[in-house]
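Given next are the chains, with one letter for each unit.
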Amino acid sequence: MKHHYLIDKSLNAVILVLSVFLLPNCSTNKNPVSEDGEKIVISNGHGIEFVLIKKGYRYGFQKTNGTTLVPPHPVSGLLAGSPDNLTQAESTKYLGETGGLYAFE
């Protein structure tokens, strides 16, 4: 049960970053999300994009012109589990947006 609680907390933290800090006023963009085989990019409509590397759920930030602001970590991304037994996310899938929240599996 504790394992699920930690996963829940980790995912809630990622959702908080996306919904509060990164993506205000995304409704001004017709389609703020783009996706290819390796990454998902979400634009905040103000010149900054959240870049999520699917393998390992590694993320960073860039300007809309592609200039890197904060690169994704080269090795680690989202970790879940108990503190003494963390497991790295293998991959992620973008599920969609509902009410300003962006969901990933």
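Analysis parameters
Residues numbered from 1 in each chain as written. Predicted model: local features only at pLDDT ≥ 70, side-chain atom pairs only at ≥ 80, totals over all residues. Heavy atoms only, no water. Salt bridge = Lys/Arg side-chain N within 4 Å of Asp/Glu carboxyl O. Helix = DSSP H or I, 4+ residues; strand = E, 2+ residues; numbered from the N terminus. Buried < 20%, exposed > 50% of the residue type's maximum accessible area, 1.4 Å probe, protein only. Pairing = 2+ DSSP bridges. pLDDT = per-residue confidence, 0-100. Contact = heavy atoms within 4.5 Å. Axes fitted to C-alpha atoms, helices over the stretch in contact; angles between N-to-C directions.

### Structural notes on the pattern of salt bridges
Right, on to step 1. Scanning all chains against the criterion turns up one salt bridge.
Right, on to step 2. For K54, the salt bridge identified is with E35, shortest N-O distance 2.8 Å. Remark: E35 occurs in strand β1 (residues 33–35) and K54 occurs in the loop between β3 (48–53) and β4 (58–63); sequence separation between them is 19 residues.
Right, on to step 3. Looking at K54, the relative accessible area reads 13%, which means it is buried.

### Side note on the pairing of strand β2 (residues 39–43)
Right, on to step 1. Counting buried residues along β2, four of its five residues qualify, which places the element largely inside the surrounding structure.
Right, on to step 2. Connecting β1 to the antiparallel partner β2 that follows it, the hairpin turn spans three residues.
Right, on to step 3. The sheet contact formed by β2 and β3 spans five bridges and is antiparallel. Along β3, the bridge assignment pairs I40 with L52.
Right, on to step 4. Between β2 and β3, which pair antiparallel one after the other, the connecting turn spans four residues, and G45 there sits at a positive phi close to 80°.

### A short note on the confidence of the model for the protein chain
Right, on to step 1. On average, residues of the protein chain score 78 in pLDDT, and 71% of them reach the 70 mark or higher.
Right, on to step 2. Note that pLDDT drops below 50 for residues 1–6; the model gives that stretch six contacts with residues more than four away or on any other chain.

### Observations regarding the sheet that holds β2
Right, on to step 1. In spatial order, the strands read β1-β2-β3-β4-β5; together these five strands make up an open sheet with antiparallel pairing. Edge strands, defined here as strands with exactly one partner in the open sheet, are β1 and β5 (68–70). On average, adjacent strands in this sheet sit at an angle of 25° to one another, irrespective of strand direction.

### Focus on the pairing of strand β9 (residues 101–104)
Right, on to step 1. The side-chain alternation of β9 yields one buried face, formed by Y102 and F104, and one unburied face, formed by L101 and A103.
Right, on to step 2. Pairing of strand β8 (residues 94–98) with β9, which is carried by four bridges, proceeds in the antiparallel orientation. Within β9, the position partnered with E97 by the bridge is Y102.
Right, on to step 3. Taking the residues that link successive antiparallel strands as the turn, the β8-β9 hairpin has two residues, and the phi of G99 there is positive, at about 60°.

### Here we look at the environment of K55
Right, on to step 1. Within the secondary structure layout, K55 lies in the loop between β3 and β4.
Right, on to step 2. For K55, a relative accessible area of 66% puts it in the exposed group.
Right, on to step 3. Linking K55 and E90, residues 35 residues apart in sequence, is a C-alpha distance of 5.7 Å.
Right, on to step 4. Every residue in contact with K55, bar those within four places of it in the chain, is listed here: E90 and S91.

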